[in-house]
Structure formats: C-alpha cells, structure tokens
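Here are the chains, one letter per residue:
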Amino acid sequence: MRLKRSVRIEYRLEHRLRITTYHITADLEHPEISQAFCQGLQTTRELDQALSDARCGTSLGGELRAFLDEHRCFHEFPDGAGAVDARYAASVINRDLDYWADSQYCDGFWERVLRPTEARDLNLVYAWGVESHHHTHSVLRHLGEVLRHTEERPTIDKCLAHMNEEWDHPYLFRLSALRLRRGRGLPDLPGELLPLAGTRSLCNLLQHAARKHMFAYKCCAGVLEKTARRTQETRTLFAEAARAHHIDYSVVEPFVKHAETDDHYDHLNSLAAFAELCPPLPLETVADSIRLAYRFAEALYLWNCHMMDWYLMHQPGEGHRRRA
Amino acid sequence: MLTTPVSVPVLLRSDPGAGEQPLEILSAESIDDVLRPAVESTLAWFDSEALVGRYELESHRRALCVEMCHVMRSLGKTVALCAAYCGAKPVQELLIKCAFHFHRVSSSWDKIATAISGRQVDELDPLTSTLLLNLSLEELAREDPLAFSYAVDLFAPPGSQASADAVMRFFTSSLKPQDPANTYLQEWHGCTLGNFVSFASVPTTQRYGFPHTGRYGEACARQMGPMLRRDVDRSLQQLTLISDQLHLFYRGAQLFYVEKESEFPNLRENWLEV
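Residues numbered from 1 in each chain as written. Chains lettered and ligands numbered in written order. Predicted model: local features only at pLDDT ≥ 70, side-chain atom pairs only at ≥ 80, totals over all residues. Heavy atoms only, no water.

Enquirer: How would you summarise helix 4 (residues 86-104) of chain A if you had to cite specific residues and measurements?
Expert: Residues and elements named next belong to chain A. Compared with the 27 Å implied by 1.5 Å per residue over 19 residues, the 26 Å span of helix 4 between its first and last C-alpha is a close match. At isoleucine 93, helix 4 is deflected by roughly 25°, the largest bend along its length. Along helix 4, the positions that sit buried rather than exposed are Ala86, Ala89, Ala90, Val92, Ile93, Asn94, Asp96, Leu97, Trp100, Ala101 and Gln104. Two or three places before arginine 87, at the opening of helix 4, aspartate 85 has a side-chain oxygen 2.7 Å from that residue's backbone nitrogen. (Helix = DSSP H or I, 4+ residues; strand = E, 2+ residues; numbered from the N terminus. Expected span 1.5 Å × (residues − 1). Bend = angle between axes of the 7 residues up to and from the residue. Buried < 20%, exposed > 50% of the residue type's maximum accessible area, 1.4 Å probe, protein only. Polar contact = N/O pair within 3.5 Å; in protein donor to acceptor, adjacent residues only side chain to side chain.)

Next comes the structure, spelled out in structure tokens:
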C-alpha cells in the first residue's frame, strides 16, 4: 500500500511520528516507532516495506494502517492504469465527500446559526432559506447542462427523473423564509427573488463541471447532497437552531423536510447511482473530478462567508434581493 | 471576525433596475446612461491600495496580483465566447476583435505572473474564488452580450485609458518600482492604449481588422439599438453581480491566504495524490 505523495511523515520525538496531509496534522505515539522506520516510510512510501525494513511488529502495523486508511492517506488507484471502473472511483471519492460534507457544518456560519451571540444572527436562518431557495432552483440549470452534453438515453432518463424529484424543493426553502418574515410581522415576498453572486457561483461551478464530465458534476453535487445524509442529525440540528433563536419550529421544519425528501429518493448517494451509467474513466478525469469537488467544497465555504457578509448587515427577514 | 461590513456593494445598496415603466423604449444613449455608472463605480474594485487593508491582504499583495493575472489572461477566451453566443453579426465582430486583442496581450500577463510568482504560468492554479469570477464572466458572456460588453470595460479593452490606468494601478501599488514585472506591465499598457495591430487575415481587409477603441458597452448598446427598459434593467442586475463577484475575489484571497494560510503561489497538484 503506497502513501499518497502529498503525505509527509516526520520523526518527532522518541516513539512519536507526525503525519501531515492536505487535511490534517496528527502525532502518533507507539513504542515501535523509530527514526529509521519514519525515514524508511517517508522515502519508500510503502508501509509494508518500511515496517519490515525496521523490523516492526504487527501491533504498530495494524494501528498505523487503520489510521492511514481512515484519513485516506493511501493512493487508491492503480499506478500506470489508463482507466478505472467508474463505480470503483465513486466508492473512493465517496469517502472524501463524506469528509467534506461533515466539515461544511464546522464554520462560522453554522456556529452563529446554532449558537447565536446577538439578535441579528437570526438573519442567517433567513439567509439559508432565501439563498438555498435559489440554489435548489438552479438544479434545472446545472442538471440541464448535463443533459446538453449527453445523447445517452439512460443518462437522459436519470437526469429527468432527478429533476422531477427535486424541481419543487425551492418552495420548501421559500416557505421557511416566508414563515420567518410572518413571525416578525413582515409582508410576504413579492416578485422574483434574485440570488447573491456567491449563490449564483455555485451553479456556475456545477455547470462548469457538467461541461467537463457527468462524473465530475456528480462529484461536486455529491458534496452538498452528502451534507444531508444524516437525516436524524439534521432534525436535531435545526430543532436546536430554532430553540437558540427563540423561533417557532415551523420556520426550520421545511429544511428538515428537504433532507427527509432527499433521503426518501436516495439522492444522498447519487454519485454511485450516476457512476453506474459511466463507462471506464481515464485517470485524468478522476483527478479532475476530485479537484472540482474540492473546488466545490471551497465554494460552499465562500458561500457561507458571503451570506454572513451580506445578511448580517440586515435585520432578520431582510437582505434578499429581488427584481423590482 | 471582521467588524466592518466587508461587502462593498457599490451599487447594491438597493435593488437595481427599479424601472417603473418596463415597456418604455430606451435609446442607445439612454441605455448607456443606465449602465455606464455601474461600470464607473465598479472600477473602484481595482483600487487595491484601499482594499488590501479592508481585506487584511497587506502581506499578500503579490498573491493578489497573480490572481488578477489569472483573470486578465482568460479574457480572450471569454470575450470570444460572447461573440460565439451572440446572434447579432455587428456585435460579434465588435467582440471577436477585442478577443483577439486580449488573446494577443495574454502573453504579457503570463510574463507578469511568472515574474511575480517565480513559477511558470502552467504550474499555477487560480484560487477557487478567482475561478468563480472567471466563470461568472463566462456565464455573463453566454447570457447577456450587452451587460457583458459593459463588464469588458472594467478590464482594460483596447484604447480605454481610464480602465487601463485602473488595472495598471492595481498592480503598481503592490509592486516595488524595480520589480521586473513592471517592464511587462508597461509593455501591456502600451499595447492596450496603442491598439496598433490589425487582425485582418488578408491585406484587403486590413482596415477592418483594428479592434474598436474606447468603451465597448457603449459600442454594443449602439449596435443593438433601442431596447425595452425591463431588458436594460435586467442587464444592469447582471452587471452588478460582477461587482459582487469582485468582493468575493478579494474575500477568497483573504479566506485562503490569510485564514487558511495557503502557500503562495497556489500550484497545480495531481489530485489523485492529495
């Protein structure tokens, strides 16, 4: 099992090594860890060989292998292969998507949604409703871009089925925004709402991925779909948010409904479903897809920041843009 | 946490395009009166001297310059896309010669990026926020040639003194006078204002081959002729999204270089190994 080239192994102190990856820096301690072992692993990149060369026992091997595997430190695609099975590629990337999806809820935006420090933080619940209204509506645009680049009947069927199961989700988010406004004695939202540039950018990036490859597109879309995969946790999260802001549960209830609906249609694992339709993928396409999924995770973070920049300048229930 | 509002919504203090007579017909001059101020105020986003403080980018000025190089060197493709998608032949010809110009000067931006970063340009990767700005421009190019032509006026089209100077200042305020990149910047500035290359493919059409000199938005409005106010309002809304996107351009540099301490320059990776 070869380590990815970006993984760095350093010997720190007696019996301790430091692993640095794109995601984490961690120190591990074990009586069999030696300088020779760390140097060997950093140089050869092969865990089994480094263990054997340094005459380490099975205890270190087992523990270290489990850690490196959990943090996706091993290169998982065959060296020199021209193409790989799309379903295999999906299974590898799905582990990355789970990781990024979890990290989406660990930022300043969700911190202020769940643990508000001032009254205006409530407007982030409103922002989530309004901007997710736009984002979920854009499924017609980005899945439409997939359609534009395929002539395959099974893919066309899959896209239209997916659109059919999602086209009306924007109403759930709009309903939440309306309920929040009504709760504050504000009138309903007239006319057509317009997205923030950050919201529109998410759609642009998904369209860009769709033009590259359907697989790349689903890797990106999967980052967000995965955020809803723990339906029970989603229920808890939004109930907690409602309590923290002293608002009626009915305001956040449509967010939960959205996660439950995605769960019902099994959209939370749709990368695997779309991968069934893909022929073997060139490794360059897999690498591009991983890159774009990283890009999308970063764009989601930027989106959350943009919502804070804009909506925290407004009172709760305000800040949406609309066409006059 | 930033304490002052970091969004600088030059236009978006209120929703743009609140036309009360959507079916009113606007002349080319009136269209220009609606859209020109959006470009003029959006040019404030090129005042990097003022904005690096706001976005805490003082020690990342060179990184910000390289990010802007990624935007400038992509313009040839984006403007050509707009010409490809636009139905009107005169507008297509207006834009395609502008695209040829941007494509020609893109080698200057490659040299500037290399001089600032110390890396070959094909080793560099734009930040995600920079990619998003480029994708927004591409999307605008596909959707709305009028709004896009006004957006082009932000990025120093041929012969546009105010815009070329604004772009120039964006860089020179972050570079030392003896920086080698200054030579290439001067070269680019001269090419932009000189506009002395005809892109005719045969001598017979030589005189038709020079790109339009001056404001592209105004030229596009003139070529497209009178329009309904509601369509012009829509273009104004599209144009202001670019202003918002420029906020995200700086915000992204702040998030990645300041908050996440990403290394400069941002390099291409083999993502199977990350």
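Enquirer: Explain the side chain of Glu131(A) to me, and be specific about the residues and the numbers.
Expert: Residues and elements named next belong to chain A. Inspection of the secondary structure puts glutamate 131 in helix 6 (residues 123-137). At 7.2 Å, arginine 321 is the nearest oppositely charged side chain to glutamate 131, a buried residue that forms no salt bridge. Of the polar contacts made by the side chain of glutamate 131, one reaches the side chain of tyrosine 311; its length is 2.5 Å. (Lys, Arg positive; Asp, Glu negative; His and termini not counted. Salt bridge = Lys/Arg side-chain N within 4 Å of Asp/Glu carboxyl O.)

Enquirer: Outline the layout of surface pockets, listing residues and values.
Expert: Taken as a whole, the largest pocket encloses approximately 1,300 Å³ of empty space. Along the wall of the largest pocket there are 34 residues; nearest its centre are Tyr22(A), His23(A), Glu298(A), Lys260(B) and Ser262(B). Elements that contribute at least two residues to the lining of the largest pocket include exactly helix 4 and helix 15 (283-311) of chain A. Considering each element in turn, the lining of the largest pocket owes the most residues, six residues, to helix 15 of chain A. The residue inventory of the lining of the largest pocket, partitioned by class, reads 15 nonpolar, ten polar and nine charged. Domain assignment of the residues forming the lining of the largest pocket places at least three in each of domain 1 (8-70) and domain 2 (83-322) of chain A. The volume enclosed by the second largest pocket comes to roughly 750 Å³. Lining the second largest pocket are 30 residues, with His208(A), Lys212(A), Pro126(B), Leu131(B) and Arg268(B) sitting closest to its centre. (1 Å grid on protein atoms, 1.4 Å probe; cavity = no way out; pocket = protein on both sides within 12 Å on 5 of 7 lines; lining within 4 Å. Points joined across faces, edges and corners; volume = space filled by probe spheres on them. Nonpolar A, V, L, I, M, F, W, Y, C, P; charged D, E, K, R; others polar. Domains from an automatic or database assignment.)

Enquirer: Go over the pattern of salt bridges with me, naming the residues and quoting the values.
Expert: One pass over the full model with this rule turns up 47 salt bridges over all chains. With a shortest N-O distance of 3.8 Å, Arg115(A) and Glu240(A) are connected by a salt bridge. Of this pair, Arg115(A) sits in the loop between helix 5 (108-114) and helix 6 while Glu240(A) sits in helix 12 (residues 231-245), and the two are 125 residues apart along the sequence. On the basis of relative accessible area, Arg115(A) is assigned to the partly exposed category, the value being 45%. Note on Glu240(A): relative accessible area 28%, which makes it partly exposed. Salt-bridge contacts for Glu24(B) lead to Arg229(B); the nearest nitrogen and oxygen are separated by 2.9 Å. Of this pair, Glu24(B) sits in the segment before strand 1 (25-26) while Arg229(B) sits in helix 11 (residues 229-259), and the two are 205 residues apart along the sequence. Assessed through its relative accessible area of 29%, Glu24(B) is described here as partly exposed. Three or more residues joined by partner-sharing salt bridges are found here, namely Arg141(A), Arg200(A), Lys77(B), Glu138(B), Glu139(B), Arg142(B) and Glu143(B).

Enquirer: Can you break down the nonpolar core residue by residue, with the values?
Expert: Val125(A), Trp128(A), Phe215(A), Val286(A) and Tyr311(A) are the most contacted members of the largest nonpolar core, which has 87 residues in total. The leading source of residues in this core is helix 15 of chain A, at 19 residues. Setting aside its immediate chain neighbours within four residues, Val286(A) contacts Phe77(A), Val84(A), Ala89(A), Ile93(A), Leu281(A) and Leu272(B). Membership of the second largest hydrophobic core comes to 78 residues, among which are Leu51(B), Met72(B), Val105(B) and Tyr257(B). (Core = buried A, V, L, I, M, F, W, Y, C linked by side-chain atoms within 4.5 Å. Contact = heavy atoms within 4.5 Å.)

Enquirer: Residue-level account of the packing of helix 3 (residues 61-72) of chain B against helix 8 (residues 161-172) of chain B, with values.
Expert: All names here are of chain B. Packing of helix 3 against helix 8 leaves a shortest axis separation of 9 Å and a crossing angle of 150°. Of the residues in helix 8, those in contact with Leu64, Cys65, Met68, Cys69 and Met72 of helix 3 are Val167, Phe170 and Phe171. Along the lines of polarity and charge, the residues of the contact of helix 3 with helix 8 split into eight nonpolar, no polar and no charged. (Axes fitted to C-alpha atoms, helices over the stretch in contact; angles between N-to-C directions.)

Enquirer: Break down the pairing of strand 2 (residues 16-20) of chain A for me, citing the residues and quoting the values.
Expert: Taken residue by residue, a regular strand's side chains alternate between the two faces of the sheet. Residue and element names in this part refer to chain A. Bridging between strand 1 (residues 8-13) and strand 2 involves five bridges; their strand directions are antiparallel. Considered in strand 2, the bridge of leucine 13 is made with arginine 16. Two successive antiparallel strands, strand 2 and strand 3 (residues 25-29), enclose a turn made up of four residues. (Pairing = 2+ DSSP bridges.)

Enquirer: Outline the state of the cysteines, supporting the account with residue identities and numerical values.
Expert: All names here are of chain A. For the structure shown, the criterion picks out zero disulfides over all chains. No disulfide involves cysteine 220; its sulfur sits 6.9 Å from that of cysteine 219, the nearest cysteine. We classify cysteine 220 as buried; its relative accessible area is 0%. No disulfide involves cysteine 278; its sulfur sits 9.0 Å from that of cysteine 219, the nearest cysteine. (Disulfide = S-S within 2.5 Å.)

Enquirer: So what about the interface of chain B and chain A? Which residues, and what values?
Expert: Each side of the interface is counted separately: chain B has 42 residues, and chain A has 43 residues. Across the interface of chain B and chain A, roughly 3,800 Å² is buried in total on both sides, 57% from carbon and sulfur atoms. A salt bridge links Arg141(A) to Glu143(B); its shortest N-O distance comes to 2.5 Å. Summed over the shared surface of chain B and chain A, the result is 19 residue pairs in polar contact (both at pLDDT 80 or more). When residues of the side of chain B that touches chain A are assigned to their parent elements, the largest contribution, 13 residues, is made by helix 11 of chain B. (Buried area = accessible area lost by both parts, 1.4 Å probe.)

Purely geometric stuff here, so don't read any function into it on its own.
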